[in-house]
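# Results of the structural survey
Listed below are the residues making up each chain.
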Amino acid sequence: MNPYKPMLAKIEKITVETPDTKTFKVVFTDPEDAANFDYKPGQFQQVSVFGVGECTFCLTSSPTMKGYIEFSAKKVGVVTSALHEAEEGDIIGIRAPLGNHFPTDEWKGKNLLFAGGGIGMAPMRSVLNYCLAHKEDYGKITVIYGSRTPADLSYKYEYDEWRKGADVYLTVDAGDDSWTGRVGHVPGYLKELAPSSENTVAVTCGPPIMIKFVLQELKALGFEDENIYTTLEMKMKCGIGKCGRCNIGSKFVCVDGPVFNYKEIADLPQEF
Amino acid sequence: MKLLPKSGVAGFIKELSKTREVVAPVSDGESYAVFKSVAPGETPIIDGSRFILSPRSWFMPGYEVLFETKDGEIVDKTPETKAYATIGLYLADAHALEVFDRVFLDGDKPDPYYNARRADNAIFALVPAKKRWSVFWGMTGNVCDWKKACDVVMYDLGSEFVMEPMTDRGAELTKSLADADDSKKAAADALLARYDEGEVDVKAIGERLMWDNPKWEEVSRKCVACGVCTYGCPSCSCFDMRDDLKCGGAERYRCLDSCQHADFTLMGSGYNPRPGRMPRTRQRLLHKFKYQPEQFGMIGCVGCGRCVELCPVGIDIRKIVGGKETK
Ligand SMILES: Cc1cc2nc3c(=O)[nH]c(=O)nc-3n(C[C@H](O)[C@H](O)[C@H](O)COP(=O)(O)OP(=O)(O)OC[C@H]3O[C@@H](n4cnc5c(N)ncnc54)[C@H](O)[C@@H]3O)c2cc1C
Ligand code: SF4
Ligand code: SF4
Ligand code: FES
């Protein structure tokens, strides 16, 4: 088995989420790859645009969605720009699943609080949909999701589905004419809603500045470090702990992460 | 133990190359010796007369195609596993391969490209007659332990090599040589003892090289971020992966990379978690002396001294590790 060799996959559907983010639904071209493929929420993949390069995305689909996988890509540089130019039917490469995952088994019996911002919803969507599909295993599920503007909110087509099993709270930094919801930042909304930390696990992903203030609020609500989870981001190439790029201290984000709780993060050199 | 007179090296290599592809330092046409497959009639440079660049260039080439795409298929470019003999790397370099083994072969996703060159490779490692001024093997590990990384240890006694087989394979490949007598054995042991510096206190080094040591700023000030310290290092393994378009398809290759360069960790968003020379120098040192010991119980520097000799501004890792510049 060559861990550098991608599986070929066909882009089945491209969904424009926001002005700079698209979600790609892909299917492995080799039925054997498709049949053998399994993953856990929080794991990531290396996506190849052949001749351009490879880059890292979390699997935003959930293992409960069978027969395809999805990732959401924000356009920032060389490979993500090439992806944004791709069309349905194009062939790309996938190396996955990579990295660790959210400990959804350990969370059984607990309430779940998701606080996300912007593209940070991509990894959270996987674990959220997974937990919603296994609703009987978990207590109350709460989602607080915010973005800069209403146009920057991803996965709008799923909110109704989420609301069947979770309390969903949306907020934007700045509304527009059609926006009737809340205006303000995620940390402020969290403070206002003040969910109980009792028997509850919190997951927060999003821009570093948002995470910083969400953490403060979570601490104020009594959440312990080991009950707060996030995904860390470092530049990646190999995705398998060999190219030496994504380390924080002696941990490789690509192997030991990307999912960490804040107790683990406190032990790392603060260099990420 | 066996004896190989220096006049017999060419013949020995000729014999060896009947069953194995021989890799050894040969002239690069300028002033260095580089590891290459030895062509028939070519004589390797193992007498200490030249600066030998690290064998990494052979085990992990600076440029290596991983796969190509052609007609919508992926063509795997993993090299075939061959029988090799690598001669004339330093004992420290042999130990550096043990570090590489941890990085590339451990875990559930071993690296097939490295493995193809490593799986059946008889290692003939050199203990040079003269210890170069920059060498500090003994500061980074127990040099006697490093013999286990070799099939044969070659002690340079001036006009001859004492050959100490460490494995069955090594014994087999040296069986035609004459036996060494006790005085030669003693001379070989005495030579290695010159490289030994006693017990290495990894913990004490780790404590000196604290992440928040205020001295990092000073230590890194001179660095011009050329990356030569890492490119020249036998145990630095970091690489980049890139794509190129090729006629009718594309290729993915990997190439050397260095933690000393800004874009090593520069992310698409523009954010860089190691934004200056200080955190990058610190990364190089801590990766070797703290993180790798934590990951697999081995210091990732083997004290070969190449970075000491190659650094254009004279940054000397020995002073940093030894505490002269970090205490
Ligand atoms: C675990 C993880 C999960 C991620 N999930 C998502 C996601 O779901 N959606 C999303 O839009 N983005 C995600 N990212 C960020 C995404 O990988 C980068 O934005 C992307 O690699 C930029 O590629 P580029 O070629 O367009 O940028 P360029 O700046 O041109 O980068 C060149 C190359 O450097 C590497 N690189 C650059 N930035 C990053 C980075 N931040 N992380 C990893 N490698 C990088 C890639 O190999 C990239 O091809 C994730 C990153 C990590 C580490
Ligand atoms: S002395 Fe320098 S070049 Fe040699 S192993 Fe140590 S860090 Fe690498
Ligand atoms: S060789 Fe010297 S100047 Fe160049 S990157 Fe290394 S420490 Fe800095
Ligand atoms: S991406 Fe290569 S080591 Fe993590």
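### Considerations on the packing of aromatic side chains
For the coordinates displayed, the defined rule picks out 23 aromatic pairs over all chains. Seen from their ring centres, Tyr4(A) and Tyr113(B) are 5.8 Å apart, and the 65° between their planes marks the pair as edge-to-face. A residue pair is termed interchain when its members come from two chains, as with Tyr4(A) in the segment before strand E1 (7-18) and Tyr113(B) in helix H4 (residues 112-118). In terms of burial, Tyr4(A) and Tyr113(B) fall into one category: buried. Between Tyr63(B) and Tyr253(B), the aromatic rings sit 5.1 Å apart at their centres with planes inclined by 55°, giving tilted as the arrangement. Note that Tyr63(B) is positioned in strand E5 (residues 63-70) and Tyr253(B) in strand E13 (residues 249-256), a separation of 190 residues in sequence.

### Some thoughts on the site of ligand 2
Around ligand 2, a shell composed of 13 residues is seen, among which Cys233(B), Cys301(B), Cys304(B), Gly305(B) and Cys307(B) lie nearest. Classifying every residue of the shell around ligand 2 gives 8 nonpolar, 3 polar and 2 charged.

### Observations concerning the domain arrangement of chain A
All names here are of chain A. On domain assignment, one finds that chain A holds domain 1 (7-98) and domain 2 (111-231). Between domain 1 and domain 2, the C-alpha centre-to-centre distance is 24 Å. Taken residue by residue, the interface counts 20 residues in domain 1 and 19 residues in domain 2. Buried surface at the junction of domain 1 and domain 2, summed over both partners, amounts to about 1,400 Å²; 58% is from carbon and sulfur atoms. It is Glu17, Pro41 and Thr60 in domain 1 that bury the most area against domain 2; as a group they hold 32% of the surface buried on that side. For the pair domain 1 and domain 2, the interface holds 1 salt bridge. The interface formed by domain 1 and domain 2 contains 10 residue pairs in polar contact (both at pLDDT 80 or more).

### Here's the deal with the interface of chain A and chain B
Each partner contributes residues to the interface: chain A has 34 residues there, and chain B has 43 residues. Buried area between chain A and chain B, both sides added, is near 3,200 Å², and the carbon and sulfur share of it is 56%. Seen at the junction of chain A and chain B, the total is 5 salt bridges. Among the ionic pairs, Asp240(B) bridges to Arg245(A), the shortest N-O distance being 3.8 Å. Our enumeration of links across chain A and chain B arrives at 24 residue pairs in polar contact (both at pLDDT 80 or more). When residues of the side of chain A that touches chain B are traced back to their parent elements, those giving at least two are strand E3 (44-49), strand E4 (53-58) and strand E6 (91-98) of chain A. Looking at the side of chain A that touches chain B, its residues break down into 16 nonpolar, 9 polar and 9 charged.

Criteria and thresholds
- Every chain's residues receive numbers from 1 upward, in the order its sequence appears when written.
- For this description, chains carry letters from A and ligands carry numbers from 1, given in the order in which they are written.
- Totals for whole chains, interfaces and linings use all residues, but because this is a predicted model, local features are given only for residues with pLDDT of at least 70 and pairs of side-chain atoms are given and counted only at 80 or more.
- Derived side-chain values reflect all non-hydrogen atoms in the structure, with water molecules and hydrogen atoms excluded from consideration.
- Working definition: a ring pair exists when centres of Phe, Tyr or Trp rings (six-membered ring for Trp) sit within 6.5 Å. Plane angles under 30 degrees give stacked, over 60 give edge-to-face, the rest tilted.
- Only DSSP runs of H or I with at least four residues qualify as helices, and only runs of E with at least two residues qualify as strands; both kinds are numbered from the N terminus onward.
- Relative accessibility under 20% of the residue-type maximum defines a buried residue, over 50% an exposed one, and the middle range a partly exposed one, all with a 1.4 Å probe and only protein chains included.
- Throughout, near means a residue has at least one heavy atom within 4 Å of the molecule or strand.
- Residues are grouped as follows: Ala, Val, Leu, Ile, Met, Phe, Trp, Tyr, Cys and Pro are nonpolar; Asp, Glu, Lys and Arg are charged; all remaining types, including Gly, are polar.
- In this entry, domain limits derive from an automatic or database-based domain assignment.
- Between two residues, a contact is recorded if the distance between any of their heavy atoms is within 4.5 Å.
- When two parts are brought into contact, each loses some accessible area as probed by a 1.4 Å sphere; the total of that loss over both is the buried area.
- Throughout this description, the term salt bridge denotes a Lys or Arg side-chain nitrogen within 4 Å of a carboxyl oxygen of Asp or Glu.
- As used in this structure description, the phrase polar contact means that two N or O atoms lie within 3.5 Å; if the pair is within protein, one of them must be able to donate a hydrogen and the other to accept it, and residues adjacent in sequence are counted only when both atoms belong to side chains.

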